[in-house]
Amino acid sequence: MIQEERMTRHLMDIIQIDSPSRKEKDVALKLEEEMKDLGAHCFYDNAGDKVGGNIGNLIVKLPGTKKDIPPFFLCSHMDTVSPGEGIKPSVEDGVMRSDGTTILGSDDKSGVSIIVEVLRTLKENNTPHPDIEVAFTICEEIGLLGAKFLDPSSFKSPYGIVLDSSTPERLVLRCPCSDIMDVKIHGVEAHSGLCPENGISALEILSDAISKMKLGRIDHETTANIGKVKGGSAINIVPGLVEVKAEARSHDEGKLDAQTQHMRDCFLEAAKSRELLLDGERLGARAEIEIERVYPVMNVSPQATVTKLVLEASSNLDHDIQLHTSGGGCDANFINEKGIECVNLGTGMYELHTVNEYLLLDEFRRSAEIVLETIKLHSEKN
Ligand SMILES: [Zn+2]
């Protein structure tokens, strides 16, 4: 009943509407129109104002034919990464690609088109279904910001599906929480040829800190990285300032707290140990550290109702699916925290965030079939 050709055409259309983060308006307006044609009620929340974007999250409510059962929730993000403007998608042998100069944007418009196709299919076949609540989110790619500012009071669904991962052969139940650290190490500048002893090198402090820091894979569910370093002013000046961007992730909040604390301590200790006496004045180094928990942990139980529904739907369709733990966050991290229990189903997209990104149409269709079957089961069991 899912029409692969129609959903592929829909995806080609919306991929050609540019929608970098904070500029999702054009694609949102098109989706709003399509949803209204199906008889859905649409509105935008104020997430756009909060993130400085040109539109908020598009919230869609498709009235159900079964009124006495809980609504079902679906979500995909509308924004894309760069280079993602002027995308020219084409299909060959069941694979959709860009022309190689941009990303494809199937992340996450394949999820958007799956939702549209599922709603159209429910509608045109008069399939009994509950109210469907959809969030087409903004700014996922810049820190899950649309989902972060989603207002949970807009929704009544107990659970649902986020469509934003690679293959529908995997159902993501767990995603880590993450901290980012902005660190400024202040040393003391001095001429490196004339009077190096009058300076404290911020770069040496950083090296000292890193040499004592646990980084990379910390354990099976925790990772840490120093991703960016900027500093120094000239080749002959002892560097007085070094700026560092670092992150840590874990599937366990306690472990993340501990890792972030450890990294913080390494920076502070290394800075504290350096000082010098200059003309009777004591000069010291210092580290300024800002830490932000960018998103909370996602940990849906294999026994959760929504997990069991998706597994049963897949089995009804003779489709193999494995429960999966991901290393990155997604909108579902925030949506679970807000009380809608969500799993993340793959859509058939690969090599995301590169110009080699591609979509397997067979998996794309199967993902839509799983969503449709899950909604039918939810409907039957309630
Ligand atoms: Zn995505």
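Residues numbered from 1 in each chain as written. Predicted model: local features only at pLDDT ≥ 70, side-chain atom pairs only at ≥ 80, totals over all residues.

Visitor: When you look at the nonpolar core in this model, what are you seeing that I'm missing?
Guide: Within soluble globular proteins, side chains that are nonpolar generally end up buried alongside one another. Residues Ile185 and Val343 are the most contacted members of the largest nonpolar core, which totals 101 residues. Excluding residues within four positions of it along the chain, Val343 makes contact with Ile161, Leu171, Val172, Leu173, Val300, Val306, Thr307 and Val310. (Core = buried A, V, L, I, M, F, W, Y, C linked by C-beta atoms within 7 Å. Buried ≥ 20, exposed ≤ 12 C-beta atoms within 10 Å, placed from the backbone. Contact = placed C-beta atoms within 7 Å.)

Visitor: Explain the pairing of strand S6 (residues 132-137) to me, please; I cannot follow it from the model alone.
Guide: Each regular strand shows side chains that alternate between the opposite faces of the sheet. Of all six residues in S6, six are buried; the element is thus mostly enclosed. Burial along S6 is two-sided: Ile132, Val134 and Phe136 and Glu133, Ala135 and Thr137, pointing in opposite directions, are all buried. The pairing of strand S2 (residues 58-62) with S6 spans five bridges and is antiparallel. What sits directly across from Leu62, in S6, is Ile132. (Helix = DSSP H or I, 4+ residues; strand = E, 2+ residues; numbered from the N terminus. Pairing = 2+ DSSP bridges.)

Visitor: Could you clarify how one ought to interpret the packing of helix H4 (residues 106-124) against helix H10 (residues 361-381) in this entry?
Guide: The relative placement of two packed helices comes down to the angle between their axes together with the axis-to-axis distance. The contact between H4 and H10 brings their axes to 9 Å, and the two run at 50 degrees. Compared by their axis directions, H4 and H10 come out oblique. As for how H4 packs across H10, the hand of that crossing is right-handed. Of the residues in H10, those touching H4 at Ser110, Ile114, Glu117, Val118 and Thr121 are Phe364, Ser367, Ala368, Val371 and Leu372. Considered class by class, the residues forming the contact of H4 with H10 number six nonpolar, three polar and one charged. (Axes fitted to C-alpha atoms, helices over the stretch in contact; angles between N-to-C directions. Parallel < 35°, antiparallel > 145°, perpendicular 65-115°, else oblique. Left-handed = near helix turned anticlockwise from the far one by under 90°. Nonpolar A, V, L, I, M, F, W, Y, C, P; charged D, E, K, R; others polar.)

Visitor: What is the right way to read the domain arrangement of the protein from this model?
Guide: Interfaces are frequently sized by the accessible area removed from exposure as the parts join. As far as domains go, the protein holds domain 1 (4-175 + 297-381) and domain 2 (177-295). For domain 1 and domain 2, the distance between their C-alpha centres works out to 39 Å. Each side of the interface is counted separately: domain 1 has nine residues, and domain 2 has six residues. Of the residues belonging to the side of domain 1 that touches domain 2, the class tally is three nonpolar, five polar and one charged. (Domains from an automatic or database assignment.)

Visitor: Explain the packing of helix H1 (residues 4-15) against H4 here, please?
Guide: Orientation of H1 relative to H4, taken along the N-to-C sense of each, is 135 degrees, at an axis distance of 9 Å. Our classification of the angle between H1 and H4 gives oblique. Between H1 and H4 lies a crossing whose hand is right-handed. Within the contact between the two elements, H1 uses Arg6, Met7, His10, Leu11, Ile14 and Ile15 and H4 uses Lys109, Ser110, Val112, Ser113, Ile114, Val116 and Glu117.

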